Amino acid sequence: MIKENLEKVRKNIAAAALRVGRDPESVRLIAVSKTKPLSMVLEAMEAGAMEFGENKPQELRDKADALCRPDVNWHMIGHLQKNKIKYVVGRACMIHSVDTFELAEAISLQAQKTGLVMPILLEVNIAGEETKFGAKPEETAALARAVSELRGIQVRGLMTIAPFVSDPSQNRVHFRNLRDLSIDIARQNIDNVLMYDLSMGMTGDYEVAVEEGATFVRVGTGIFGERDYSI
Ligand SMILES: *Cc1c(COP(=O)(O)O)cnc(C)c1O
């Protein structure tokens, strides 16, 4: 089932990219394996998935260590507390969810201790939802400028979690706004700040996100099925 789901999602991504004249290879699919057992992650790996997303630091650590493979990348996509950074730095290839200077500074310190530079994305609350984490759109450029001074991180782009909607096209405006914001910030030519990546789109809306420029889509349910939080 996972293999078929992956194939379907990949096909949909490629079709969405081609609709807008993008190279399908410019979109990377992150298989969001949170709450799912190692056996399912392995099944996805055997079907060719190379990028996995987790939203809990310890779960990322446990899975990355158990399935340690040099060709597989782990992405930290969930809200991160400072005291849990140590589980992620050195294991994740990228942290998608940095929304404050203090968090970026703490990641930078841990990365420097470990002797590496951690690629990060700035998480933006693009629709201004009260319940969501993320920097305000109008404060994101200033945040990028502030964190650009930190030596243990490198900003690679922006990430957003769009609103939960029944019709994915309702999120088109938010994806477009995130891309416009990244273009704005790129134009400011801030040292050590790259605006290469846009991490946006989940199971319900990843095709629209690809049409609007996503370079990472984060798909969980569409690959692994519904999550059961009761267990
Ligand atoms: C869980 C999660 C996803 C995947 O959600 P699905 O709707 O299952 O595809 C994507 N991004 C983040 C940040 C998540 O926490």
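Residues numbered from 1 in each chain as written. Predicted model: local features only at pLDDT ≥ 70, side-chain atom pairs only at ≥ 80, totals over all residues. Heavy atoms only, no water.

Novice: What should I look at first to understand the overall build of the chain in this one?
Specialist: For the chain, the helix and strand inventory stands at 9 helices and 8 strands. Against the compact-globule benchmark of 17 Å for 231 residues, the chain has a radius of gyration of 17 Å, which places it among compact chains. Counting only C-alpha atoms, the chain reaches 45 × 40 × 35 Å along its principal axes. Sorting the 231 residues of the chain into buried and exposed places 49% on the buried side. Restricting to contacts in the chain with at least 6 residues of sequence separation, those with at least 24 account for 62%. Looking at the chain as shown, the accessible area adds up to about 11100 Å², and 51% of this sits on carbon and sulfur atoms. (Helix = DSSP H or I, 4+ residues; strand = E, 2+ residues; numbered from the N terminus. Rg over C-alpha atoms; globule rule 2.2 N^0.38 Å. Buried < 20%, exposed > 50% of the residue type's maximum accessible area, 1.4 Å probe, protein only. Contact = heavy atoms within 4.5 Å. Areas by Shrake-Rupley, 256 points an atom, 1.4 Å probe, with all protein chains shown as cover.)

Novice: Would you explain the site of the ligand in this entry?
Specialist: Every residue lining the ligand is accounted for by V32, K34, I77, I161, M202, T203, R218, V219, G220, T221 and R227. Here K34 contributes a side-chain N or O atom positioned 2.6 Å from an oxygen atom of the ligand. Here T203 contributes a side-chain N or O atom positioned 2.4 Å from an oxygen atom of the ligand. Contact with the protein chains removes 90% of the 390 Å² of surface that the ligand exposes when unbound. Of the residues contributing to the shell around the ligand, the split by class is 5 nonpolar, 3 polar and 3 charged. (Near = heavy atom within 4 Å. Polar contact = N/O pair within 3.5 Å; in protein donor to acceptor, adjacent residues only side chain to side chain. Nonpolar A, V, L, I, M, F, W, Y, C, P; charged D, E, K, R; others polar.)

Novice: Just checking my understanding: could you explain the environment of A135 for this structure?
Specialist: Assignment of secondary structure puts A135 in the loop between β5 (118–123) and α6 (137–147). Take A135: its relative accessible area is 8%, and that puts it in the buried class. The sequence separation of A135 and F164 amounts to 29 residues, and the corresponding C-alpha distance is 18 Å.

Novice: Even after reading the chapter, I still don't get the pattern of salt bridges, so can you show me in this structure?
Specialist: Where charged atoms from two side chains of opposite charge approach closely, those side chains can pair. Applying the stated criterion across every chain yields a total of 14 salt bridges. Among the ionic pairs, R91 bridges to D65, the shortest N-O distance being 2.8 Å. Here R91, found in the loop between α4 (85–88) and β4 (94–98), pairs with D65, found in helix α3 (residues 57–66); they are 26 residues apart in sequence, far enough to count as distant. Residue classification places R91 among the partly exposed positions, given a relative accessible area of 28%. Its relative accessible area of 44% is what places D65 among the partly exposed residues. With a shortest N-O distance of 2.8 Å, R172 and E212 are connected by a salt bridge. With a gap of 40 residues between them, R172 in helix α7 (residues 172–187) and E212 in the loop between α8 (206–211) and β8 (216–219) connect regions that are remote in the sequence. Relative accessible area serves as the criterion here: at 24%, R172 is assigned to the partly exposed category. A relative accessible area of 3% places E212 in the buried class. One connected set of salt bridges, linked through shared partners, spans R19, R172, R176, R179, E211 and E212. (Salt bridge = Lys/Arg side-chain N within 4 Å of Asp/Glu carboxyl O.)

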